[in-house]
Amino acid sequence: MKIRIIGVVFCGLLVGGCTNLKYPNWEYVRIEEQVPSPSCVYKIQDSCSTEGEDCFEWYKQRATKFNANTVVITGSKDQDRYNRSGWTGNAKGGSYTTSVAEYYYCIGSKNITPVK
């Protein structure tokens, strides 16, 4: 029994620790409403649609894949999305926010370089 509990705890630590390895230094990515300075280099545009503010963390993590340190939210739209089951007739869904963002690599006083 103790070995099973230790195994479960070890697996949880292993899985939890891997998220930081997958998106290194995502905590240092900034979210802005406009491009902060002319010294920023455009990387790519991306969109996200989810409940609440889950997109912010997702954008910050995705930015690391494109060597970007700044996310500029260029637009967002609130939507209601519902699906009805043909079998039961029950409706399922809710309010979602769809937003578009651009990733940039910026150099400036607000851009923190992580200490290694």
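See the structure printed just above.
Because the structure is a prediction, the values reported are computed rather than measured.

A. Examining the overall build of the protein more closely. What the protein contains, in helices and strands, is 2 helices and 4 strands. Ordered by position from the N terminus, the helices and strands of the protein form the series α-β-β-α-β-β. Per-residue burial for the protein yields a buried fraction of 26% across its 116 residues. Across the protein, every contact between residues at least 6 apart in sequence was considered, and the portion connecting residues at least 24 apart equals 73%.

B. Expanded view of the packing of aromatic side chains. Using the criterion set out here, one finds 4 aromatic pairs in the structure. Measuring from centroid to centroid gives 5.7 Å for Trp58 and Tyr59, while their planes differ by 55°, and the two rings are tilted. Seen in terms of ring centroids, Tyr59 and Tyr103 are 6.3 Å apart; in terms of plane orientation they differ by 75°. Their pairing is edge-to-face. A residue pair is termed long-range when its members are at least 10 positions apart, and Tyr59 in helix α2 (residues 54-65) and Tyr103 in strand β4 (residues 91-105) qualify at 44 residues. For the pair Tyr59 and Tyr103, one class covers both residues: buried. Within the aromatic cluster, the residues linked to one another by ring pairs are Trp58, Tyr59, Phe66 and Tyr103.

C. Looking closely at α2. Looking only at α2, the buried set comprises Cys55, Tyr59, Lys60, Gln61 and Ala63. Asn67 sits one or two positions beyond α2 and adopts a positive phi of about 55°.

D. Representation of unusual backbone geometry. You will see that Asn25, though not glycine, has its phi angle at about 65°, which is positive. Along the polypeptide, Asn25 turns up in the loop between α1 (2-22) and β1 (30-32). A positive phi angle, near 55°, is found at Asn67, a position not held by glycine.

E. Looking closely at the environment of Ser39. Considering the arrangement of structural elements, one finds Ser39 in the loop between β1 and β2 (41-50). The partly exposed category is assigned to Ser39, whose relative accessible area is 37%. For the pair Ser39 and Gly108, spaced 69 residues apart in sequence, the C-alpha separation works out to 8.1 Å. The residues touching Ser39, leaving out its near neighbours within four places in the chain, are Tyr105 and Ile107. A polar contact of 2.9 Å, which involves the side chain of Ser39, links it to the side chain of Ser37. Within the structure, Ser39 has its side chain in polar contact with the backbone oxygen of Ile107 (distance 3.1 Å).

Cut-offs and rules
- Residues numbered from 1 in each chain as written.
- Predicted model: local features only at pLDDT ≥ 70, side-chain atom pairs only at ≥ 80, totals over all residues.
- Heavy atoms only, no water.
- Helix = DSSP H or I, 4+ residues; strand = E, 2+ residues; numbered from the N terminus.
- Buried < 20%, exposed > 50% of the residue type's maximum accessible area, 1.4 Å probe, protein only.
- Contact = heavy atoms within 4.5 Å.
- Phe/Tyr/Trp six-rings, centres within 6.5 Å; stacked < 30°, edge-to-face > 60°.
- Polar contact = N/O pair within 3.5 Å; in protein donor to acceptor, adjacent residues only side chain to side chain.

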